[in-house]
Amino acid sequence: MRNEVIQGSDDDDDETSSSGQTYTQDNDPVVLEMSSIDPASSSKANKSFKKVNFRRKESIRGESKLELFGFDSLVNILGLKSMTGEQTSVPTSPKDGEDASQHPKVIGSVKLGTMMGVFIPCLQNILGIIYYIRFSWIVGIAGISDSLLLVALCGLCTFLTAVSLSAIATNGAMKGGGPYYLIGRALGPEVGVSIGLCFFLGNAVAGAMYVLGAVETFLNAVPKAGIFRETVTEVNGAEVGEPITSPSLHDLQIYGIVVTIILAFVVFGGVKTINKVAPAFLIPVLFSLLCIFIGILLARRDNPVDGVTGLSLKSFRDNWNSDYQKTNDAGIPNPDGDRYWNFNALVGLYFPAVTGIMAGSNRSSSLKNTQRSIPIGTLAATLTTTFMYIISVFLFGSVATREKLYTDRLLTATIAWPSSSIIYVGIILSTLGAALQSLTGAPRLLAAIANDNILPLLNYFKVADGSEPHIATLFTAILCIGCVIIGNLDLISPTITMFYLLCYAGVNLSCFLLDLLDAPSWRPRWKFHHWSASLFAACLCIVIMFLISWLFTVVSLALVSLIYYYVCLKGKAGDWGDGFKSAYFQLALRSLRSLGANNVHPKNWYPIPLVFCRPWGKLPENVPCHPKLADFANCMKKKGRGMSIFVSILDGNYQECAEDAKNACKQLAAYTDYRRCESVAEIIVAPTMSEGFRGIVQTMGLGNLKPNIVVIRYPEIWRQENLKDIPATFVSIINDCIVANKAVVIVKGLDEWPNEYQRQYGTIDLYWIVRDGGLMLLLSQLLLTKQIFESCKIRVFCAAEEDSDAEELKTDVKKFLYDLRMQAEVIVISIKSWDHRGRGEDENVVALTAAQGRIKTYLAEMQGSVGVDEQQVDKFLYTTLKLNSTIMKQSGMAAVVLVSLPPPPEKHPSYLYMEYMDLLVESVPRILIVRGYRRDVVTLFT
């Protein structure tokens, strides 16, 4: 690329002076980046851009100190505004052809720190409805011992997941989308969309759980508000002193639907209002927790309640062991109840109490420093709440009898100081706040998935930047109402657990994959992580899923699999630099190293054809390769296994044709994909075709993955196009292949090669003249594996002198083919040696005479500069003539003919070699001319 001298005036306008030259590097990427910069954004950048003069001048205003490197300022020229701390808009997904300049700039907004941005949201989501109205009941069912195990198991799962989350979140800038963004960029768009949609469902169902928790608390606090009330007078078959009332299912449904609709209208009003009042929801929660702990310490002293013993060692011993049993829908023990509670079922009920660790990552776009706030805030909230749950197990197990723990789900309100009303208010406000967060976050997660433009089905939920996802909010509200209609918190909770566990497993697998591969780009600031811990956490998530319910687990995994399959089938491809691509790369490198540089054993030999696409002649526009050449390359693979390399050569200078070569390579790759060839495409720029091919045959491939067969088309038009260039190039290619020890397959009659719908009948005839390592035999077997040739039979013609023992040769070849597990008919033919007397016996004397005449004319034109033995030339002509006559006589109806390729004779001009070849393939419609290389590709041994 030529650098022009740029001169300009000192004015601030963009016009070039009349004497100056304009910058002509239109394709320079630096210039393209310059053109995308806002002229008003940096006056310094404009001034420095105007003067780029390679001649030394005296103190020019705006002259760059880095003029030698061809650009002025790295920040201004390349647009790396983030290096100066200025925020730039980056697309959420790398869509092909997307112009980054089209994205609107991010408007500065108030950023949150670790406390308000991560710790408080996580704490508010973790300390929710389960702790208030289910945790004491769980302690009563599981006992203190199993409750500690339950808290430790779930806490370990969330702690390890938080460690994995911290590692991924500190490995670079994090955009919106929360765990979906992290998983999608680590495991690929298919896995990201699958788990992201399940996480969306989990958030939507969690909103229903919070609504039901608030409604149930309200109905317990104000029993008269219930339209339908249920009263229980027996517990485990024994009558109780006071009837136990519980909210009716119909009350939960009616109030739940009303509350969900009201919350949906609030969410439709905008997220700004919710964010303003969100901190107010945390104050009642913290105050109510304080009241609960004070009430436990003061139990039985200030306000004695039946069943509340205060902190008692006797209660601690009585409640140590578990007491799993059946209960009714209200959770009251009943031998005839529909539900049996064991440890596995309690895991499903309790696990939503420890979810919420993703609340900080969901707000990543609003954090001042994500790489500091997310690890510290998330882990601090996880450890704080786990410690509080462990302390609560001991306190609840020591403060009341087991029957009280059974029957009073709102024990936290019963023992609260100074009044239970504080707990009711705290529960209702905290659950409504959590429900608002779910109804606010879930639609935005769905909109983020839709905006990535991976799944066309989700296009309805797309929103513009800065807009509210109203359609996604309506869809989320409908899902939430559907779950509210179920009306049973104990049934909804395990469903949420499955979706959250799938998300946590995805985060852990992402960290495991990235940590194990350890790509150069994997440099997280959070150092306290290891791939084994992430793998253990992922397995723990799956184990917990099966502990809860194998049926729910199978259904959840099936749902993820269906979404994954649908995304693979209907989704749009997106390259996000995911870990699987890195895994494929490292696996390929390891496999390449394991293959070594030694020759591959014949049992493991695969054809790797190097298909030379450049035709002898012209192809239609936008067709970079002969269509039948791609079909033939597929015929060289067994059941599609193997790789082909399609190459073409552009004549010219590399620096001038580099862009043309890139475009041609993309076109060739797209065309081979269209022809369903498992291949790679390469374009080489060289002064001539011969020089380009010589470079290809020397350098193409790595180790034992270098191409071992060169496939080219026979130049049938060489007489009409150019008598000098084509023969010389053709012979040069063959000689280069021989020197490089590459096999050669020359296809003659390519236009007549059958496609996949043209079934062939007859025979595949092999004229096996020279030892080629069994390549010709192997190619015939590969052709038989294709549907178009499966009805054909193989015939092997062995060439022998007239005085040879034909029967002995036939027996040896049959034995050899039998040991190779190849079924073929063996025919021995005799080709006469050079004999003047036998020439007249041949039928095709006219072709021989014509070739001899052209050769004499050519030698005469060369005026003695070429010294060849004319007797030897006649011998070669006669040999090829006899072989051609035999082919026409024996294989006139063959589907395809394979014949050994004679090497170009030394000291014979390329023109003479083309005459030999023309005489060999004369009138044969479809023929493969094959030459092996110095090694066997088939073996007799198992």
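Basis of the calculations
Residues numbered from 1 in each chain as written. Predicted model: local features only at pLDDT ≥ 70, side-chain atom pairs only at ≥ 80, totals over all residues. Heavy atoms only, no water. Helix = DSSP H or I, 4+ residues; strand = E, 2+ residues; numbered from the N terminus. Buried < 20%, exposed > 50% of the residue type's maximum accessible area, 1.4 Å probe, protein only. Contact = heavy atoms within 4.5 Å. Areas by Shrake-Rupley, 256 points an atom, 1.4 Å probe, with all protein chains shown as cover. Core = buried A, V, L, I, M, F, W, Y, C linked by side-chain atoms within 4.5 Å. Axes fitted to C-alpha atoms, helices over the stretch in contact; angles between N-to-C directions. Parallel < 35°, antiparallel > 145°, perpendicular 65-115°, else oblique. Nonpolar A, V, L, I, M, F, W, Y, C, P; charged D, E, K, R; others polar. Pairing = 2+ DSSP bridges. Salt bridge = Lys/Arg side-chain N within 4 Å of Asp/Glu carboxyl O. Phe/Tyr/Trp six-rings, centres within 6.5 Å; stacked < 30°, edge-to-face > 60°.

A few words now on the overall build of the protein. Looking only at helices and strands, one finds 32 helices and 14 strands in the protein. Split into buried and exposed, the 942 residues of the protein put 50% on the buried side. Once local pairs closer than 6 in sequence are excluded, the contacts in the protein between residues at least 24 apart make up 81%. If you sum the accessible surface of the protein, you get close to 45,800 Å²; carbon and sulfur atoms cover 57% of it.

What follows deals with the nonpolar core. Membership of the largest hydrophobic core comes to 138 residues, with the highest contact counts inside it found for Phe-135, Leu-346, Tyr-350, Tyr-389 and Ile-544. What Ile-544 contacts, discounting residues up to four positions off in sequence, is Leu-153, Cys-157, Val-347, Phe-351 and Leu-501. In terms of nonpolar packing, the next biggest core, distinct from the first, is built from 58 residues, Ile-649, Met-700, Tyr-913 and Met-914 among them.

Two elements in contact, helix 6 (residues 135–169) and helix 14 (residues 370–399), have axes whose closest approach is 9 Å; the angle formed by their N-to-C orientations is 170°. Considering their axes alone, helix 6 and helix 14 lie roughly antiparallel with respect to each other. Of the residues in the contact of helix 6 with helix 14, the class split is 19 nonpolar, 11 polar and no charged.

Of the two faces of strand 5 (residues 609–612), the one holding Pro-609 and Val-611 and the one holding Leu-610 and Phe-612 are both buried throughout. Here strand 5 pairs with strand 6 (residues 644–651) via three bridges, running parallel. Among the inter-strand pairings, Phe-612 is bridged to a residue of strand 6, identified as Val-647.

So, on to helix 12 (residues 343–350). Across the eight residues of helix 12, seven count as buried, placing the element largely inside the fold. Those residues of helix 12 not exposed but buried are Phe-343, Ala-345, Leu-346, Val-347, Gly-348, Leu-349 and Tyr-350.

This part takes up the pattern of salt bridges. Across all of its chains, the model carries 11 salt bridges by this definition. Among the ionic pairs, Asp-408 bridges to Lys-404, the shortest N-O distance being 3.3 Å. Exposure remark for Asp-408: the relative accessible area of 13% places this residue in the buried category. Close ionic contact of Arg-675 with Asp-631 constitutes a salt bridge, the shortest N to O distance being 3.0 Å.

Under the criterion given, the structure shown has 27 aromatic pairs. Ring geometry for Tyr-350 versus Tyr-389: centroids 5.6 Å apart, planes at 80°, classification edge-to-face. With Tyr-350 in helix 12 and Tyr-389 in helix 14, the pair connects residues that are 39 residues apart, well separated along the chain. For the pair formed by Tyr-350 and Tyr-389, the shared burial category is buried. Ring centres of Phe-351 and Tyr-504 lie 6.2 Å apart, and the angle between their planes is 55°; on these two criteria the pair is classed as tilted. With Phe-351 in the loop between helix 12 and helix 13 (359–362) and Tyr-504 in helix 19 (residues 489–517), the pair connects residues that are 153 residues apart, well separated along the chain. A relative accessible area of 0% places Phe-351 in the buried class. The exposure class assigned to Tyr-504 is buried, which follows from its relative accessible area of 0%. Through a chain of ring-to-ring contacts, the aromatic side chains of Tyr-131, Tyr-132, Phe-135, Tyr-350, Tyr-389 and Phe-396 assemble into a single cluster.

In short, the description is geometric, and any link to function would need to be established separately.
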